[in-house]
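Residues per chain are reported as follows:
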Amino acid sequence: MKFNGKTIVALTLLLTSVWCSAQTEKPLTIVVPTAAGGGNDAMARTIGQKLGVLLNRTVIVENKAGANGSLASEFVAKAAPDGNTLMFGYIATHAMNPALQKLRYDPVKDFEPVGLVGYSPTLMVVNPSVKVKDVKDLVRLLKEKPDEFSFASAGNGTAPHFAAELFKMSTQTSMLHVPYKGSAPAINDTIGGQTQIMFPSLFTGTPFVKTNRLQALAIAGTKRSPLLPDVPTLKEVGIAGVEVEQWYAIFAPAKTSKETVAKLNQALNKVLEDKEIIKRIEGHGADVETSTPEQLGEMVRKDLVKWRQVVQRAKLQAD
């Protein structure tokens, strides 16, 4: 096949254009508001890997722990609304922490909801050095020795913080709060004995319970988990009002186009249909659940109202 001069020039221009486009396309960054190694981080990386294949793009998972999720939230809220920067948000960044204290971002106005990822109930664990058989034993010990024990949280306004405060209120007990920059350092110090009690997500806590590094006392959720079938719910042992389920979701900066959000939602939901992805997420105690952007937005608004009421009723304050 012969090419004349004009054809060669046209082909050269076309190839140059394609090459330049490939070189200038930015990677898709998913910002995680907690430290590496925690449940949020593991879930984001599981999803990000498959999302990159589906979108034929490089996906980078970036951890921006700090200020109880506010550092990452502010970063994404100020990012260009071009679909290249997303946030792996969760109940703390978009409901609990904003309900607890005034922040420099608005969880509704500063974000475009993309889609829900799933849920994970909260697990009550203790360091094995705390010699208790069950929750009633722990309550007795906490009343006998008020403020001698401390509980770790992933930071002020996170699910482990709220669950512990609700537990204290329901049982009329006292514990010292030690907030960390994410669930990973919090659970590591609970394993190490620097703190004695924690309410991590089932996703975060189960691996350490399975290896006997932590003792599971109860599920702070609506039902038992098939991963830990012998662990009762707090309601079953007579402690009501401590049902805290963490949800996880993807958000984009406000003013991201509807077309871009719709494309991302479609890709995310496709990833969450993958049997291997479902197995990996459920294997750590989380239930996969998808949504439309509109459904996620409505859920965030309702959760903000709910947790603001809890803050007022329990008279919670940031430590």
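Going by the structure above, here's the rest.
Predicted model only: the values in this text are computed from it and were never measured.

### Thoughts on the packing of helix 2 (residues 39–55) against helix 10 (residues 275–282)
Link 1 in the chain: For the pair helix 2 and helix 10, interaxial distance at closest approach is 10 Å and the crossing angle is 175°. By the angle class used here, helix 2 and helix 10 are roughly antiparallel. Contact residues: Met43, Thr46, Gln49 and Lys50 in helix 2; Ile277, Arg280 and Ile281 in helix 10.

### Observations regarding the packing of aromatic side chains
Link 1 in the chain: In total, this model carries 7 aromatic pairs according to the counting rule given.
Link 2 in the chain: Where Phe167 meets Phe199, the ring centres are 5.8 Å apart and the plane angle is 50°; that geometry is what we call tilted. Here the residue Phe167 occupies a position in helix 6 (residues 159–171), and Phe199 occupies one in the loop between strand 7 (197–198) and helix 8 (202–210), the gap between them amounting to 32 residues.
Link 3 in the chain: Ring geometry for Trp247 versus Phe251: centroids 6.5 Å apart, planes at 50°, classification tilted.
Link 4 in the chain: What makes Trp247 buried here is its relative accessible area of 2%.

### A word on helix 2
Link 1 in the chain: If you check helix 2, its first and last C-alpha atoms are 24 Å apart, about what 17 residues at 1.5 Å a residue would give, namely 24 Å.
Link 2 in the chain: Of the residues making up helix 2, those classed as buried are Gly39, Asn40, Asp41, Met43, Ala44, Thr46, Ile47, Gly48, Leu51, Gly52 and Leu55.
Link 3 in the chain: In the segment just after helix 2, Asn56 is the residue with positive phi, at about 55°.

### As for the environment of Thr190
Link 1 in the chain: Along the chain, Thr190 turns up in helix 7 (residues 183–192).
Link 2 in the chain: According to the relative accessible area criterion, Thr190 is buried, its value standing at 0%.
Link 3 in the chain: Between the alpha carbons of Thr190 and Met169 there is a distance of 22 Å; along the sequence they are 21 residues apart.

### Observations concerning the pattern of salt bridges
Link 1 in the chain: Counted under the stated rule, the structure contains 9 salt bridges.
Link 2 in the chain: For the salt bridge of Glu74 with Arg104, the shortest nitrogen-to-oxygen distance reads 3.4 Å. With Glu74 in helix 3 (residues 70–78) and Arg104 in the loop between helix 4 (91–100) and strand 4 (111–126), the pair connects residues that are 30 residues apart, well separated along the chain.
Link 3 in the chain: Here Glu74 falls in the buried class, since its relative accessible area comes to 13%.
Link 4 in the chain: Through salt bridges with shared partners, a single ionic network connects Asp137, Arg140 and Glu144.

### Observations regarding the nonpolar core
Link 1 in the chain: The biggest cluster of nonpolar side chains holds 79 residues, and the ones touching the most others in it are Phe88, Met124, Phe167, Ile197, Leu234 and Trp307.
Link 2 in the chain: Not counting residues up to four positions away in its chain, the partners in contact with Phe88 are Ile30, Val31, Val32, Pro33, Asn40, Met43, Ala44, Ile47, Val117, Tyr248, Ala249 and Ile250.
Link 3 in the chain: By size, the runner-up hydrophobic cluster in this structure holds 15 residues, among which are Tyr180, Met198, Leu202 and Val209.

### Things to note about the packing of helix 2 against helix 9 (residues 258–271)
Link 1 in the chain: Remark: helix 2 packs on helix 9, axes separated minimally by 9 Å, with the N-to-C direction vectors making an angle of 120°. Viewed along their axes, helix 2 and helix 9 adopt a mutual orientation that is oblique. Crossing hand, helix 2 versus helix 9: right-handed. Of helix 9, the residues touching helix 2 (which contributes Ile47, Lys50, Leu51, Leu54 and Leu55) are Lys263, Leu264, Ala267, Leu268, Lys270 and Val271.
Link 2 in the chain: Across the contact of helix 2 with helix 9, the residue classes tally to 8 nonpolar, no polar and 3 charged.

### Description of the environment of Leu227
Link 1 in the chain: Among the structural elements, Leu227 can be located in the loop between strand 8 (215–220) and strand 9 (245–253).
Link 2 in the chain: For the pair Leu227 and Gly285, spaced 58 residues apart in sequence, the C-alpha to C-alpha distance is 6.7 Å.
Link 3 in the chain: In this view, Leu227 contacts Thr206, Lys210, Glu282, Gly283, His284 and Gly285; residues no more than four positions away in its chain are not counted.

Calculation criteria
- Residue indices follow the written sequence of each chain, beginning from 1 at its first position.
- Selection of residues for local features in this predicted model requires a pLDDT of at least 70, selection of side-chain atom pairs for listing and counting requires 80 or more, and totals for whole chains, interfaces and linings are taken over all residues.
- Heavy atoms throughout the structure, all of them, feed into the side-chain values; hydrogens and water do not.
- With axes taken as lines fitted to C-alpha atoms, and helix axes fitted only over the stretch in contact, angles between N-to-C directions fall between 0 and 180 degrees.
- Counting from the N terminus, the helices are the DSSP runs of H or I reaching at least four residues and the strands are the DSSP runs of E reaching at least two.
- Orientation is classified from the angle alone, with under 35 degrees giving roughly parallel, over 145 giving roughly antiparallel, 65 to 115 giving roughly perpendicular, and any other angle giving oblique.
- Any pair of residues with heavy atoms lying within 4.5 Å of one another is described as a contacting pair.
- Whether two aromatic rings pair depends on their centres lying within 6.5 Å, for rings of Phe, Tyr and Trp, where Trp uses its six-membered ring; planes under 30 degrees apart make the pair stacked, over 60 edge-to-face, and the rest tilted.
- Summary of the burial criterion: residues with accessible area below 20% of their type's maximum are buried, those above 50% are exposed, and those between are partly exposed, where the area comes from a 1.4 Å probe applied to protein chains only.
- In this scheme, a helix's expected span is set at 1.5 Å multiplied by one less than its residue total.
- The working definition used for a salt bridge is a side-chain nitrogen of Lys or Arg within 4 Å of a carboxyl oxygen of Asp or Glu.
- Among the buried residues, those of types Ala, Val, Leu, Ile, Met, Phe, Trp, Tyr and Cys that are joined through side-chain atoms within 4.5 Å form a nonpolar core.
- Left-handed is the label given to a crossing in which the near helix is rotated counterclockwise from the far helix by less than a right angle, and right-handed is the label when the rotation is clockwise.
- Residue polarity follows a fixed list, in which Ala, Val, Leu, Ile, Met, Phe, Trp, Tyr, Cys and Pro are nonpolar, Asp, Glu, Lys and Arg are charged, and the others, Gly among them, are polar.

From the geometry alone we can't say anything about function, so treat these as descriptive.
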